[in-house]
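What follows is the residue order along each chain.
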Amino acid sequence: MNHVKPTGTRRQWITNAIALAIAFGAGWLAGSRGGASRSLVDMDIKPEMVSADSLSSDSVRKSSIEEVLQLARGALATMSTTCDDYTARFVKQELSSSGTLSEFSEIQLKVQTRLRNETDDAPKRVYLRFTKPANVDGREVIWAEDLHDAKMVVHEAGLLGLVTLRLDPDGLLAMQGQRYPISEIGITRLVEKLIERGEVDRDNPEIDVTIKSGYPFDNVDAQLIQIRRERPGQSEDDFSLAEITFDPNRMLILSYRSFGWPEKPGQTPPLQESYAYHDLAVNVGLTEADFDPANPDYQFP
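Described below are features of the structure shown in this document. (Residues numbered from 1 in each chain as written. Predicted model: local features only at pLDDT ≥ 70, side-chain atom pairs only at ≥ 80, totals over all residues. Heavy atoms only, no water.)

So, about the overall build of the protein chain. The helix and strand inventory of the protein chain stands at four helices and twelve strands. Every one of the 301 residues in the protein chain was classed for burial, and the buried ones make up 48%. Pairs at least 24 residues apart make up 57% of the contacts formed inside the protein chain by residues separated by at least 6 positions. For the protein chain, the accessible surface area stands at approximately 15100 Å², while carbon and sulfur atoms represent 51% of it. (Helix = DSSP H or I, 4+ residues; strand = E, 2+ residues; numbered from the N terminus. Buried < 20%, exposed > 50% of the residue type's maximum accessible area, 1.4 Å probe, protein only. Contact = heavy atoms within 4.5 Å. Areas by Shrake-Rupley, 256 points an atom, 1.4 Å probe, with all protein chains shown as cover.)

Here's what the structure looks like:
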């Protein structure tokens, strides 16, 4: 059977139809169908528990925001000289701006960082291939500050993947179901945001910090940093508890989770956002071809 490539009006009709299908779904990165809310109990996401008794052990100790800031600045300085690019299995779940908790998304991620030149201002480049949930398995997204007119290049999974879409990364369609734009993705920006938030809380006496050593993450002997607030603050990204997984050997942050405030005392705090970078490999030698839709390893039409 001969396949006729859509052109002209027909191609534009198909493109518009796919864009509308995405817009009325959960968004390009949310990974949920129809925006259905998932509860904390459904996803079994709970904070790690550190009891008062465990603080007397060698593995858990009291810390401070000042120490967390020092670790974050050290991580950023190390990445500036040692992290040109990386790949990871990125697992995320977050509340959208409308307050809906998405399903877990699992994504094969490639990033060229801004730290790959002497002035730390190289154009950032990102490639994502979704593997979970099943309804988005096969979705691919490319975004680069210096390529493709700085548009998000997207093709959907299944029948919606007939054409390639080019979206404004900060536009309504791209931000559908999202907490942050794609430009915010990655471990470098995560560290920068932790520093920004830590500076605000540096002198806050209502914050308690602990560091647990020997915390397992993949095959890494990591540290779990927990930051607890005594009462709600006024910022948009307020949390009752934040958890940071830190690799002290490579000076890399591997995951970040934050929890909101429970409705009643004694309840498990609700998850707000969770970002984990599994199987993180640094300086793998990514090139411009890794951010090209014409790459033969990709499935862009």
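Attention now goes to the nonpolar core. L109, L128, I225, I227 and Y277 are the most contacted members of the largest nonpolar core, which totals 54 residues. For this core, the leading source of residues is helix α3 (residues 65-82), giving seven residues. By size, the runner-up hydrophobic cluster in this structure holds nine residues, among which are Y127, A144, Y298 and F300. (Core = buried A, V, L, I, M, F, W, Y, C linked by side-chain atoms within 4.5 Å.)

Before going further, it helps to spend a moment on the sheet that holds strand β5 (residues 140-144). Pairing is antiparallel across the open sheet formed by twelve strands, whose spatial order is β1-β8-β9-β10-β11-β12-β2-β3-β4-β5-β6-β7. Among the strands making up the open sheet, the edge pair consists of β1 (60-63) and β7 (165-167). Shown here is a sheet whose adjacent strand axes are inclined to one another by a mean of 20°, direction ignored. Sheet topology places strand β4 (residues 125-132) next to β5; five bridges connect them, and they run antiparallel. Bridge assignment links Y127 to a residue of β5, and that residue is I142. Here α3 sits on the sheet in contact with β1, β8 (207-217), β9 (220-229), β10 (241-247), β11 (252-259) and β12 (271-282), set at roughly 50° to β8. (Pairing = 2+ DSSP bridges. Axes fitted to C-alpha atoms, helices over the stretch in contact; angles between N-to-C directions.)

Before going further, it helps to examine the side chain of Q112. Looking at the element boundaries, Q112 is found in strand β3 (residues 105-112). Within the structure, Q112 has its side chain in polar contact with the side chain of R125 (distance 2.9 Å). At a separation of 2.9 Å, a polar atom in the side chain of Q112 contacts the main-chain carbonyl oxygen of L286. Discounting chain neighbours no more than four positions away, the residues touching Q112 are D84, D85, P123, K124, R125, L286, T287 and F291. (Polar contact = N/O pair within 3.5 Å; in protein donor to acceptor, adjacent residues only side chain to side chain.)

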